[in-house]
Amino acid sequence: MTIALLGCCLFFSYLLIYIQGVDKMINYQFRELAKEILDSKYTVVLTGAGMSTESGLSDFRSPTGIWKEFDPMKVATIDALINDYDNFHRFYTLRGKSNTTATPHEGHYILSNWEDDGLVKSIITQNVDDFHKKAGSKNVLNIHGSIREFRCFSCGREATRDDFINRVPCNSCGGKLRPGIVLFGEALPVYELEKSIEEVKKAELVLIIGTSLTVYPAAGIHKRTSGKVVYINNENEVKKKFDMVIIGKAGEVLKKVNEEILKLK
Ligand SMILES: [Zn+2]
């Protein structure tokens, strides 16, 4: 009995020491990253779905992600737009709705403040929700487009969200309306992609936030830098080499790093 009790005490002591050790290590990382950001003359941020989940938007590839419910190849493609517009339209009406109720979180505002303070030069985002711009970031490259914009699939004429939702045909050519996002199989917008590569090449520091780096070419952009690359994500599924890896939720990590920046300034 006494031995069992002693064993139990020892186990919990070790557990506590371990947890404190992990905590210390993580806090050390926040400070180190804060120093890197303050030292860097050109910092570029690359964000993915993990940046938006704290705003209440589902991500795509996690176990509770959007692609567990919908098959991307059936709804998010040019083929679906042409041959199965009902499903295509239903999916993007649903996604558009969740986007209008969700709002940027503290992490988006921190990045926007960093840009105002000259600590961030630009944000390259795979997210189509426009939260970075909503939070006040100015130099944002939407490499996968925006779900808040709509246009005609046939002639490219701009359209309104209401017309898309109400399935009103294009008022110029009668074509089908679509959201202004990059569908599977479509090329990325040339200007945004070229500008993103230019930004990453100039960067002394690249912060990758909330992306599993699965979808190319976005997943390879950071490789064009000769600067340091820091990877921040909720899960450590990326088996690639980075100068620093911080496991945690985007908003929470940015908040901690920002606190360290304020202390060091
Ligand atoms: Zn048209």
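Think of each chain on its own: its residues are numbered from 1, step by step along the sequence as written. Per-residue local features of the predicted model are confined to residues with pLDDT of at least 70, and side-chain atom pairs are confined, for both listing and counting, to 80 or more; whole-chain, interface and lining totals are unaffected and use all residues.

### Here's the deal with the packing of helix α6 (residues 106–116) against helix α10 (residues 250–264)
Comment: axis = line fitted to C-alpha atoms, over the contacting stretch for helices; angle = value between 0 and 180 degrees taken between N-to-C directions. Under the DSSP-based scheme used, a helix requires at least four consecutive residues in state H or I and a strand at least two consecutive residues in state E, with every element numbered from the N terminus. For the pair α6 and α10, the least separation of the axes is 8 Å and the interaxial angle reads 45°. Of the possible angle classes, the one that applies to α6 and α10 is oblique. Between α6 and α10 lies a crossing of left-handed hand. Counting all contacts with α6, which are made through E106, G107, I110 and L111, the residues of α10 involved are A250, G251, L254, K255 and N258. Put simply, Ala, Val, Leu, Ile, Met, Phe, Trp, Tyr, Cys and Pro go in the nonpolar bin, Asp, Glu, Lys and Arg in the charged bin, and everything else, Gly too, in the polar bin. Across the contact of α6 with α10, the residue classes break down as four nonpolar, three polar and two charged. Here the angle decides the label: under 35 degrees means roughly parallel, over 145 means roughly antiparallel, 65 to 115 means roughly perpendicular, and every other value means oblique. Here is the rule for handedness: rotate from the far helix to the near one, and if that takes an anticlockwise turn smaller than a right angle the crossing is left-handed, while a clockwise turn gives right-handed. By the criterion used throughout, residues are in contact when their C-beta atoms, derived from the backbone, lie within 7 Å.

### Considerations on the sheet that holds strand β2 (residues 122–125)
Strands pair, by our definition, only if DSSP identifies at least two bridges between them. Pairing is parallel across the open sheet formed by six strands, whose spatial order is β3-β2-β1-β7-β8-β9. Every other strand in the sheet has two partners, leaving β3 (140–142) and β9 (244–247) as the edge strands with one partner each. Going across the sheet, the axis of each strand differs from the next one's by a mean of 15°, ignoring polarity. Alignment of strand β7 (residues 205–209) against strand β8 (residues 228–233), held across five bridges, turns out to be parallel. Counted as the bridge partner of I209 is I232 from β8.

### Observations regarding the environment of E235
Along the polypeptide, E235 turns up in the loop between β8 and β9. Once the C-alpha coordinates of E235 and I247 are considered, the two residues, twelve residues apart in sequence, prove to be 6.2 Å apart.

### Section: helix α9 (residues 190–202)
Compared with an ideal rise of 1.5 Å per residue, which puts 13 residues at 18 Å, α9 spans 19 Å between its outermost C-alpha atoms and is within 8% of the ideal. Buried-residue contacts for α9 involve β1 (43–47), β2, β3 and β7. A helix is expected to span 1.5 Å multiplied by its residue count minus one.

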